[in-house]
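Listed below, chain by chain, are the residues.
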Amino acid sequence: MSPDVDQETGREVADGGAETVDDTGSERSTVRRTVDRVRSATAGVAPVLGRVLPGRRTVEYVGLAATALLTVAMLAFVTVDWLQTLSGPLGRVGERGFDGYERAGRGLDSLLGTNVFWVPSTLRAVATGVLVGVVAPLVGAFLVHRQMALIGETLAHTAFAGVAIGVIVAGMLGLSGSADQLVFTALVVSALAALGLQWLTTHTDSYGDVPIAITLTGSFAVATQVISWGQGNFPIAIDIEGFLFGDLAIVTAGGARLVAVLTVAVVALVVLNYKQFLFITFDEQAARVARLNVRGYNSLLIVMTAVVVVGAMQILGVILVAGMLVIPAAAASQLAGSFREVLVLSVLFGQVSVLGGLGFAIIFSLPPGGAIILAGIGIYLAAVFVSSRSAGQLSVH
């Protein structure tokens, strides 16, 4: 009896399996017919949307034009802010121009229900942030594709050591040790450290990141020792937390002017040397064969990075400044089809990060550095989510 039962059970299972296959095939046919009907019903939608909605390139060009206008407006603000300190006709022109920016700030306050954007210190912080949002991603795009993302963090620590040395220099010379003086000292020290790092990298047999790690930790160690000794010997107050995490209060008129000058200089250098930087970034050995001054352009790029780091340090702080170099460029690399598009998208993502994060920080009285970096990380995650390829699939032009 057992074999009969097994055979019967086997027939039942086989029959059930056949019925399941038939049901599955029927469901697939139904789904296929439904998909075909949806496709036929929406066949004309894509062309209509293509005519109504702007293309990706159009959006990029419009965003780039808006960024350029905003950058020019911020450069003009820094200029009138400087002119109003002068006497005579130029001083009166500066005062009228500065009043116009204050009125624009009050208009923005009335729109947002705030009372902060007309304040001169806030206007200077916004101007500095906008300029940093242009120049940091621009330089960072080259660093990311050369796998030098950590160089920004290293130079930020050397800039902090420069601030510490500025305290000593100010104390010895009898200066006040203002934020402008400390930022200028940080600029000099960071540029010299960048050249020293470049020399150390080319004259050692260590792996490429070893000199970077040594410079990073060594400069921060120097900063801690010098600040501790300087505060005990010179009566100069220093906002260590502001320099570490970024603070709108340390963005002075002089600091904004310094960032404006550095922005114009760095953008001009990138435009004039774009082909050389591009060649070295993607094929350094071929650039050497072509008798390009690779060492000179590498030194120029690393000094430009140091300059950008010092300018951005006022808004982002030493700890977070590297994020503005890396995150917008990394997000752009997920979406761009060419390196030129990487540069465009990097600047656009940088502006969105700065304006969104800085506005949030100003309204809610939070540190600007963290808000800007979190906004940038949000953009990066969104870019990774919508991207269907790796960042390496990039056309070099």
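The coordinates are above.
Treat the numbers as computed from the prediction; the structure is a model and nothing was measured. (Residues numbered from 1 in each chain as written. Predicted model: local features only at pLDDT ≥ 70, side-chain atom pairs only at ≥ 80, totals over all residues. Heavy atoms only, no water.)

Next up on the list: helix α5 (residues 120–145). In an α-helix, one full turn covers 3.6 residues, which means residues spaced three or four apart are oriented alike. Over its 26 residues, α5 extends 38 Å from the first C-alpha to the last, a length consistent with the 38 Å expected when each residue adds 1.5 Å. Across the 26 residues of α5, 23 count as buried, placing the element largely inside the fold. Once α5 ends, the next one or two residues include Gln147, with phi positive near 55°. (Helix = DSSP H or I, 4+ residues; strand = E, 2+ residues; numbered from the N terminus. Expected span 1.5 Å × (residues − 1). Buried < 20%, exposed > 50% of the residue type's maximum accessible area, 1.4 Å probe, protein only.)

Turning our attention to the environment of Ala382. Considering the arrangement of structural elements, one finds Ala382 in helix α16 (residues 368–386). Sequence spacing of Ala382 and Ala331 is 51 residues, and the spatial spacing of their C-alpha atoms is 8.3 Å.

Before going further, it helps to spend a moment on α16. Given a rise of 1.5 Å per residue, 19 residues ought to cover 27 Å, and the 28 Å separating the end C-alpha atoms of α16 matches this to within 8%. Buried residues of α16: Pro368, Gly369, Ala371, Ile372, Ile373, Gly376, Ile379 and Ala383, and no others.

One can find Leu192 in helix α7 (residues 179–202). Owing to a relative accessible area of 56%, Leu192 belongs among the exposed residues under this scheme.

The next subject is the pattern of salt bridges. Any two side chains of opposite charge can pair, given that their charged atoms come close. Within the structure shown, the criterion is met by three salt bridges. One salt bridge in this structure joins Arg146 and Glu284, with 2.6 Å as the shortest N-O distance. Taken together, the residues span a long stretch of sequence, with Arg146 in the loop between α5 and α6 (150–173) and Glu284 in helix α12 (residues 284–289) at a distance of 138 residues. Salt-bridge contacts for Glu284 lead to Arg288; the nearest nitrogen and oxygen are separated by 2.8 Å. (Salt bridge = Lys/Arg side-chain N within 4 Å of Asp/Glu carboxyl O.)

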